[in-house]
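Results of the structural survey
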Amino acid sequence: MSSSSLQTPVAFSPTALWRSQTLTIARFMLKSHIRSGWILGDIVFIWFLYAAFFYEFGGDVAYFYGIMNQALSVLAVLSTIVMTQRAMTARMYLPLARLSSRSAYIGGLIVATAFLRVPSFLLALLLALGFHTHTPSFGIQGATFSNMLPGAVGLLLNTIFVAMLSIVLYRPLATRLLQIIFLLWCATTLYSNTSNTIVAQY
């Protein structure tokens, strides 16, 4: 066999990517999350969110994203904790033993939780845009594709980051030192918002 044949790069294959360990584990976790019924908790959370803030008044674009950024971040934490807790049970030890690397399992968990943020946002957006009891407040006032898209991208990135952070800081995965560092960072951030001193600014 010639040296040139050994150096031939392997062509990118979408099928190989789809069947990779990370995406296979992500699909397995999503199916397990849906079959367990926990997905209904996400739907109920979004419905109550709609009923509380958008049922009588759709609001404008700023109102929608101001509410949804905080509410869907809370949902991202709760949903991620549930999925991570179920993923770390003893019955998962056998699949873990067959993996060439534990990072593929954590990567699949991150992909699965990140993917759930998309349908959650789309469901909330559909409810806010299409269903209201009074015609004058129908939909999100002043909503256009150009002013909704930047907010949608930012919201999804925020909630995906929150989900990833929830996994990284979860007790079976995070070390005590990492959790302490995160708490110190939170305390520093809160202090910087309550003081105008030079120390707080930095």
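Everything in this summary refers to the structure shown in the same document. The model shown is predicted, which means the values in this text are computed figures rather than measured ones.

**What about the overall build of the chain?**
When helices and strands are counted, the chain shows 10 helices and zero strands. Helices and strands in the chain line up, N terminus first, as α-α-α-α-α-α-α-α-α-α. Here the analysis covers contacts within the chain between residues at least 6 apart in sequence; of these, 75% occur between residues at least 24 apart. In the form shown here, the chain has an accessible surface area of approximately 12,800 Å², with 71% of it arising from carbon and sulfur atoms.

**Structural notes on the packing of aromatic side chains**
In this structure the tally under the stated criterion is six aromatic pairs. Aromatic side chains Phe64 and Tyr65 sit 5.0 Å apart centroid to centroid with 75° between the ring planes, which places their arrangement in the edge-to-face category. Each member of the pair, Phe64 as well as Tyr65, carries the same accessibility label: buried. Taking the centre distance of 6.5 Å and the plane angle of 55° together, the rings of Phe64 and Phe121 count as tilted.

**What about a nonpolar patch on the surface?**
Together, Phe145, Leu149, Val153 and Leu157 line one region of the surface with nonpolar side chains, adding up to about 430 Å² of accessible area. If you trace the backbone, Leu149 turns up in helix H8 (residues 145–168). We classify Leu149 as partly exposed; its relative accessible area is 40%.

**With respect to the packing of helix H7 (residues 102–130) against H8**
Look at H7 against H8: their axes get within 9 Å of each other, and the N-to-C directions meet at 145°. Note on packing geometry: the crossing formed by H7 with H8 is right-handed. Packed against H7, whose contacting residues are Leu109, Ile110, Thr113, Ala114, Arg117, Val118, Phe121 and Leu125, the element H8 presents Met148, Ala152, Leu155, Leu156, Thr159, Ile160, Ala163, Met164 and Ile167 at the interface. When its residues are assigned to classes, the contact of H7 with H8 shows 14 nonpolar, two polar and one charged.

**Describing H8**
In this model H8 runs 34 Å from its N-terminal to its C-terminal C-alpha over 24 residues, within 8% of the 34 Å that 1.5 Å per residue would give. By the burial criterion, the buried members of H8 are Met148, Ala152, Leu155, Leu156, Thr159, Ala163, Ser166 and Ile167. Residues of H8 that are buried sit in contact with helix H5 (61–87) and H7.

**Observations concerning the environment of Thr113**
Mapped onto the elements of the fold, Thr113 is located in helix H7. The exposure class assigned to Thr113 is buried, which follows from its relative accessible area of 1%. Residues Thr113 and Met29, spaced 84 residues apart in sequence, show a C-alpha to C-alpha distance of 8.9 Å. Among residues more than four places away in sequence, those in contact with Thr113 are Thr80, Met83, Ala163 and Ile167.

**Points about the side chain of Asp42**
Of note, Asp42 is situated in helix H4 (residues 39–53). Summary of buried charges: Asp42 has no salt-bridge partner, and the nearest side chain of opposite charge, Arg117, is 4.3 Å away.

**Notes on the packing of helix H3 (residues 21–36) against H5**
Look at H3 against H5: their axes get within 11 Å of each other, and the N-to-C directions meet at 105°. With respect to their mutual orientation, H3 and H5 come out roughly perpendicular. Residues Met29, Leu30, Ser32, His33 and Ser36 of H3 form the contact with H5, whose participating residues are Ser79, Val82, Met83, Arg86 and Ala87. Among the residues forming the contact of H3 with H5, the class breakdown is five nonpolar, four polar and one charged.

Rules behind the numbers
- Residues numbered from 1 in each chain as written.
- Predicted model: local features only at pLDDT ≥ 70, side-chain atom pairs only at ≥ 80, totals over all residues.
- Heavy atoms only, no water.
- Helix = DSSP H or I, 4+ residues; strand = E, 2+ residues; numbered from the N terminus.
- Contact = heavy atoms within 4.5 Å.
- Areas by Shrake-Rupley, 256 points an atom, 1.4 Å probe, with all protein chains shown as cover.
- Phe/Tyr/Trp six-rings, centres within 6.5 Å; stacked < 30°, edge-to-face > 60°.
- Buried < 20%, exposed > 50% of the residue type's maximum accessible area, 1.4 Å probe, protein only.
- Patch = residues over 30% accessible without salt bridge, like charges linked within 9 Å, V, L, I, M, F, W, Y side chains within 5 Å.
- Salt bridge = Lys/Arg side-chain N within 4 Å of Asp/Glu carboxyl O.
- Axes fitted to C-alpha atoms, helices over the stretch in contact; angles between N-to-C directions.
- Left-handed = near helix turned anticlockwise from the far one by under 90°.
- Nonpolar A, V, L, I, M, F, W, Y, C, P; charged D, E, K, R; others polar.
- Expected span 1.5 Å × (residues − 1).
- Lys, Arg positive; Asp, Glu negative; His and termini not counted.
- Parallel < 35°, antiparallel > 145°, perpendicular 65-115°, else oblique.

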